[in-house]
Amino acid sequence: MISPICKGTLVRWKDDKGYGFIAVEGGDTTSSQELFIHAQTLRHMSRRPQVGDRLFFQIETQANGKRAAVNARIDGVTVKQVAHHNVPPKRPIKRKADSPLMGIMLRIVIMMLLLALGSQLYQGFWLGAGEPSQTTSSALPDTRQVDVETNADRVIARAFELQQSGVMVQSQGRVSKLLADDNDGSRHQKFILRLSSGQTLLVAHNIDLAPRIDSLNVGDQVSFAGQYEWNNRGGVLHWTHLDPNGRHQGGWLKHNGRIYQ
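Below, the structure is looked at part by part.

Rules used throughout
Residues numbered from 1 in each chain as written. Predicted model: local features only at pLDDT ≥ 70, side-chain atom pairs only at ≥ 80, totals over all residues. Heavy atoms only, no water. Helix = DSSP H or I, 4+ residues; strand = E, 2+ residues; numbered from the N terminus. Buried < 20%, exposed > 50% of the residue type's maximum accessible area, 1.4 Å probe, protein only. Areas by Shrake-Rupley, 256 points an atom, 1.4 Å probe, with all protein chains shown as cover. Salt bridge = Lys/Arg side-chain N within 4 Å of Asp/Glu carboxyl O. Pairing = 2+ DSSP bridges. Axes fitted to C-alpha atoms, helices over the stretch in contact; angles between N-to-C directions.

On a plain count of helices and strands, the protein chain comes out with three helices and 12 strands. With 261 residues in all, the protein chain has 39% of them scored as buried. Per element, the accessible surface of the protein chain, about 15700 Å² overall, is 55% carbon and sulfur.

Now the structure itself:
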């Protein structure tokens, strides 16, 4: 259930975790029951949210009874502009009926363009929609597995370089540090992964919506799929679970052959 448009003020914001809390105007919530808001609902704004921002939003009551702000915007801040490129119309290719070589060359050029496009899509596409196969890693030879991991880490490295957020990613890394659980609002299990590229990634795994990894130790390998949020320390991984409302692409964690989502 989603409410009409409401107004409020951002009173707390945790940029490294990608969420905060709103004090709602008009008596919809009290000061002791602040409204949760995730960075995903503000990703279309031209700058990141700051404490004190005035927000317009709707309130969604989730399946577990908790409420959160959706369809939000920051008052006075512009929406990101999407660039539109004018593509000139293709000119018809004149073919000479008496030149079979022209047709062969045209087929070769088209095939090369399709192969190049397919390679780019493969490197940038999130391979693991939904629950991962239990046999994916063992089915690939070692050299191919290394290539897949390298390409996935490049996507994450690119998102960090461009300070992008809301990017769906999938890869694996080794646990370099275990952190205390975050019990402020939705509870999150937190630990840091080091990717094969050397980049570090803070994992914030929602243990109100997905099982906790109790047997996790430093040095363990963890595969993951989720949503990347930028910060200056390498980034944060959210959405490592299924969406109970079915509106967001689900993620997962995999440790010692078990999938957590």
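Next comes the rest of the description.
If you walk through the whole model with that rule in mind, you get 13 salt bridges. Between Glu60 and Arg247 there is a salt bridge whose closest N-O contact spans 2.1 Å. Residue Glu60 is found in strand 4 (residues 54–61), and its partner Arg247 is found in the loop between strand 10 (236–238) and strand 11 (252–255); the two are separated by 187 residues along the sequence. With a closest N to O distance of 2.8 Å, Arg187 and Asp208 form a salt bridge. With Arg187 in the loop between strand 6 (167–178) and strand 7 (188–195) and Asp208 in the loop between strand 8 (200–206) and strand 9 (221–229), this residue pair connects regions lying 21 residues apart in the sequence. Overlapping salt bridges, with partners in common, bring together Arg12, Lys14, Glu34 and Asp184 in one network.

As a further point, take unusual backbone geometry. Positive phi, close to 50°, is recorded for Asn71, a residue that is not glycine. Along the chain, the position of Asn71 falls in strand 5 (residues 67–74). For Asn71, a relative accessible area of 51% gives the class exposed. Positioned with a positive phi, Asn256 is a non-glycine residue whose angle comes to about 50°.

In this section: the sheet that holds strand 5. If you walk around this closed barrel you meet the five strands as 1-2-3-5-4, and the pairing is mixed. For this sheet, the mean angle separating the axes of adjacent strands, direction not counted, is 50°. Summarising the sheet, strand 1 (residues 6–14) and strand 4 pair through four bridges and their orientation is antiparallel. If you follow Thr9 over to strand 4, its bridge partner there is Arg54.

So yeah, pure geometry; function would need other evidence.
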